[in-house]
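Listed below, chain by chain, are the residues.
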Amino acid sequence: MKVLLLSMPDYFEHMPPVAVRMPNGALTSLAGNVDSHHQVAVADLILRYRQVRETVTALLREFDPDVIGLSVMTFQRRTAGRIIHLVRKLKPGARVVVGGYDPSLASEAYERMDVDFIVRGEGEVTFRELLRALEHRQEFGKICGLSYRSGGGWISNPSRPPHRLESDEIRRPNRKARVLRGYTLLGRQVDVVETSRGCTFDCSFCSIIEMRGRNFHTYDFERVLADIADAQDQGARTIFFVDDNITLNVHRFEALCQAIIEAKLNRIDYFVQAMTSSIAMHGETLAPLMREAGFRYVFLGIENILENDLEFLRATAKNTTHDKLRHAGNASIKAIDCLHKNKMFVVGGLIVGNPDDTRESIEANLAFARRYVDWPYIQHPTPYPRTPMTAAFRERGLIMNEQLEEYDGTTAVVRTEQITSDEVEYLRWNAERWMKVQHMPAALRHDPWFIIRNAPQMLAHTFRGCTVRSVLGLEDNRKAFERYKAIRRDERDYL
Ligand code: B12
Ligand code: SF4
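Bear in mind the structure is a predicted one, so any value in this text is a computation, not a measurement.

## Considerations on the layout of surface pockets
Moving on, step 1. Of the volumes computed, that of the largest pocket is approximately 420 Å³.
Moving on, step 2. In terms of lining, the largest pocket is formed by 20 residues, of which the most central are Tyr-11, Pro-17, Tyr-49, Arg-50 and Glu-491.
Moving on, step 3. Listed by contribution, the elements that provide at least two residues to the lining of the largest pocket are helix 2 (52-63) and helix 17 (448-462).
Moving on, step 4. If one sorts the elements of the lining of the largest pocket by residue count, helix 17 sits on top with five residues.
Moving on, step 5. When the residues that make up the lining of the largest pocket are grouped by side-chain class, the tally is ten nonpolar, three polar and seven charged.
Moving on, step 6. Size it by volume and the second largest pocket reaches roughly 290 Å³.
Moving on, step 7. Lining the second largest pocket are 14 residues, with Ala-280, Met-281, His-282, Glu-284 and Lys-334 sitting closest to its centre.
Moving on, step 8. For the lining of the second largest pocket, the secondary-structure elements that each account for two or more residues are helix 10 (276-293) and helix 12 (332-341).
Moving on, step 9. Among the elements that make up the lining of the second largest pocket, the one with the highest residue count is helix 10 (seven residues).
Moving on, step 10. In the lining of the second largest pocket, the residues fall into four nonpolar, four polar and six charged.

This is the structure we're talking about:
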């Protein structure tokens, strides 16, 4: 069978396609795990975000797929709906399958859409079994993790337990299935690699626990190194580890750094997401190893610097450090210092606009970001399906916006008890633009040609809505903010 797998083109504020166009790791993993006689094409639509209709149309004509799979996050649901509509018009006989976080956690929404199958949770084995059943015209009833149409309704088979990632249960991704080119992270070809899945924490804003429960499973290093080498062979010079929480087992992470060094795969730039507590408590040994292994940017889940907010986000434990005397304290500054001393950059993940936030508490977090982090990744709490945080916001009547295409993390869709969502977003937007500019010289030193060629476009993205008058302070910044919001609204219309 011919299978076309698509990821959505929707991007968000901190990932402007001029600088960041990252592959979707799920699709190549699915492609690597179907039976080998199927022909699979993977198309990441972020690579053609301005020509989505044309690209999908051309792919359907040229490839003529029997099965079309879409990977969807919540803020991409509207775009997914439009692509499904297009696919149905152009290829009415093809089967449409959806998977990923949104179809898994809000499957009822997809039951109302024109799709044939919903794959809930991890997809490799479920999708493999689905293709077998389609090929041999078998029943779907025994395929765990699958929802399918039957008669006038839907049947949801029992969930599939999380994969343990042992031996060859999940084969390596098939990157050769990609049919579009142009992945980049600041001008260097980027790829994604997984070393583990899952997390045992339960932050209230995170979808991972509802998606797969609290567990942690790892791939062996032999597989991970082979996967990195494959990405490198395909041209990658930068690799993003997409693990949910690679720092959950620090000793394993240290050993992984060591293995990367020994395998001489340390000329690649690595990006990773990390917990502040792990870095703060183990940084003395871990951070030098990370540096030697090639880690360059570390996304730190700081979440918030105030205790009340951390409590609301259920992120206190992962942001607390203990010293030898068992004194506890916030781990953020210690973790940041440690990374800086070892010449790595900190992408500071903060969440502002929580229910009890005031203007002062938001300003305190923004001031922290200005002072300590190299690249701000500040978001607003976003009520994604079935997270505990969504229930808390709903109970308090603080969800102000139900337009899911705006649930991109940097659009404030909830208010606090004291300030409006618009005000929350304005405070972040106003501060964050200038923090991003501060990082330009460091980026210039690393990738001079890319920055010289693309700085105007990058600045134009960061400052969209602004005019010379607003930058010089001759016009109320709120007017620029209103223009930015209007531009952002238009950008979301991908087809
Ligand atoms: C790595 C990552 C990123 C990376 C890379 C994204 C990329 N291009 O792949 C970066 C940092 C860029 C990123 C950005 C964002 N992310 Co992100 N990200 C993740 C993370 C950590 C891992 C995802 C991953 O690659 N896993 C590995 C792959 C193999 O697994 P998987 O994606 O789950 O896919 C499996 C199944 O879902 C299923 N499946 C998936 N697609 C399909 C399709 C078909 C047809 C089938 C059959 C099955 C299937 O099968 C796959 C294999 O088992 C998750 C989870 C987490 N712990 O936070 C969040 C997560 C996916 N991100 C999320 C969000 C919201 C975002 C942002 C909007 C904002 C943000 N929080 O940063 C942006 C938007 C990006 C953009 N397009 O502009 C949310 C999604 C929530 C939701 N309900 O939609 C998550 C769950 C985090 C959270 N907040 O809880 N993200
Ligand atoms: S530590 Fe990270 S992956 Fe784990 S629950 Fe919290 S946000 Fe999600």
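## A few points about the nonpolar core
Moving on, step 1. In terms of nonpolar packing, the biggest core is built from 73 residues, with Leu-6, Leu-70, Ile-83 and Val-115 touching the most fellow members.
Moving on, step 2. Of all hydrophobic cores here, the second largest spans 57 residues; its members include Cys-338, Leu-366, Ile-378 and Ala-412.

## So, the pairing of strand 10 (residues 190-193)
Moving on, step 1. Burial of strand 10 is two-sided: the residues Val-190 and Val-192 facing one way and the residues Asp-191 and Val-193 facing the other way are all buried.
Moving on, step 2. Of the pairings in the sheet, the one linking strand 10 to strand 13 (residues 238-241) comprises four bridges and is parallel in character. Bridge pairing in strand 13 places Val-192 opposite Phe-240.

## Side note on the site of ligand 1
Moving on, step 1. Near ligand 1 lie 38 residues; those nearest to it are Ser-71, Thr-74, Glu-124, Ser-207 and Tyr-377.
Moving on, step 2. Here Gly-123 contributes a backbone N or O atom positioned 2.9 Å from an oxygen atom of ligand 1.
Moving on, step 3. Between an oxygen atom of ligand 1 and a side-chain N or O atom of Glu-124, the distance comes to 2.7 Å.
Moving on, step 4. Counting only elements with at least two residues in the shell around ligand 1, the list comes to helix 1 (25-31), strand 4 (67-71), helix 6 (124-135) and strand 19 (375-379).
Moving on, step 5. The element best represented in the shell around ligand 1 is strand 4, accounting for three residues.
Moving on, step 6. Looking at the shell around ligand 1 residue by residue, the classes come out as 19 nonpolar, twelve polar and seven charged.

## Here we look at the site of ligand 2
Moving on, step 1. Contacts to ligand 2 come from Cys-199, Phe-201, Cys-203, Phe-205, Cys-206, Ile-208, Asp-244, Asn-245 and Lys-318.
Moving on, step 2. Of the residues belonging to the shell around ligand 2, the class tally is six nonpolar, one polar and two charged.

## Re the sheet that holds strand 1 (residues 2-7)
Moving on, step 1. Here seven strands make up an open sheet; going across it, the order is 3-1-4-5-6-7-8 and the pairing mixed. At either end of the open sheet lies a strand with only one pairing partner, and these are strand 3 (39-44) and strand 8 (153-156). Between one strand axis and the next, the sheet turns by 20 degrees as a mean value, whatever way the strands run.
Moving on, step 2. By the bridge criterion, five bridges tie strand 4 to strand 5 (residues 95-99) in an arrangement that is parallel. If you follow Ser-71 over to strand 5, its bridge partner there is Gly-99.
Moving on, step 3. In the packing of helix 2 onto the sheet, contacts are made with strand 1, strand 3 and strand 4, and the angle to strand 1 comes to roughly 165 degrees.

## Considerations on the packing of helix 8 (residues 221-233) against helix 9 (residues 250-262)
Moving on, step 1. For the pair helix 8 and helix 9, the least separation of the axes is 11 Å and the interaxial angle reads 50 degrees. With respect to each other, helix 8 and helix 9 are oriented oblique. In this structure, the crossing between helix 8 and helix 9 has a hand that is right-handed. Here Phe-221, Val-224, Leu-225 and Ile-228 of helix 8 come into contact with helix 9, specifically with Arg-252, Ala-255, Leu-256, Ala-259 and Ile-260.
Moving on, step 2. Residue composition of the contact of helix 8 with helix 9, by class: eight nonpolar, no polar and one charged.

Calculation notes
- Residues numbered from 1 in each chain as written.
- Chains lettered and ligands numbered in written order.
- Predicted model: local features only at pLDDT ≥ 70, side-chain atom pairs only at ≥ 80, totals over all residues.
- Heavy atoms only, no water.
- 1 Å grid on protein atoms, 1.4 Å probe; cavity = no way out; pocket = protein on both sides within 12 Å on 5 of 7 lines; lining within 4 Å.
- Points joined across faces, edges and corners; volume = space filled by probe spheres on them.
- Helix = DSSP H or I, 4+ residues; strand = E, 2+ residues; numbered from the N terminus.
- Nonpolar A, V, L, I, M, F, W, Y, C, P; charged D, E, K, R; others polar.
- Core = buried A, V, L, I, M, F, W, Y, C linked by side-chain atoms within 4.5 Å.
- Buried < 20%, exposed > 50% of the residue type's maximum accessible area, 1.4 Å probe, protein only.
- Pairing = 2+ DSSP bridges.
- Near = heavy atom within 4 Å.
- Polar contact = N/O pair within 3.5 Å; in protein donor to acceptor, adjacent residues only side chain to side chain.
- Axes fitted to C-alpha atoms, helices over the stretch in contact; angles between N-to-C directions.
- Contact = heavy atoms within 4.5 Å.
- Parallel < 35°, antiparallel > 145°, perpendicular 65-115°, else oblique.
- Left-handed = near helix turned anticlockwise from the far one by under 90°.

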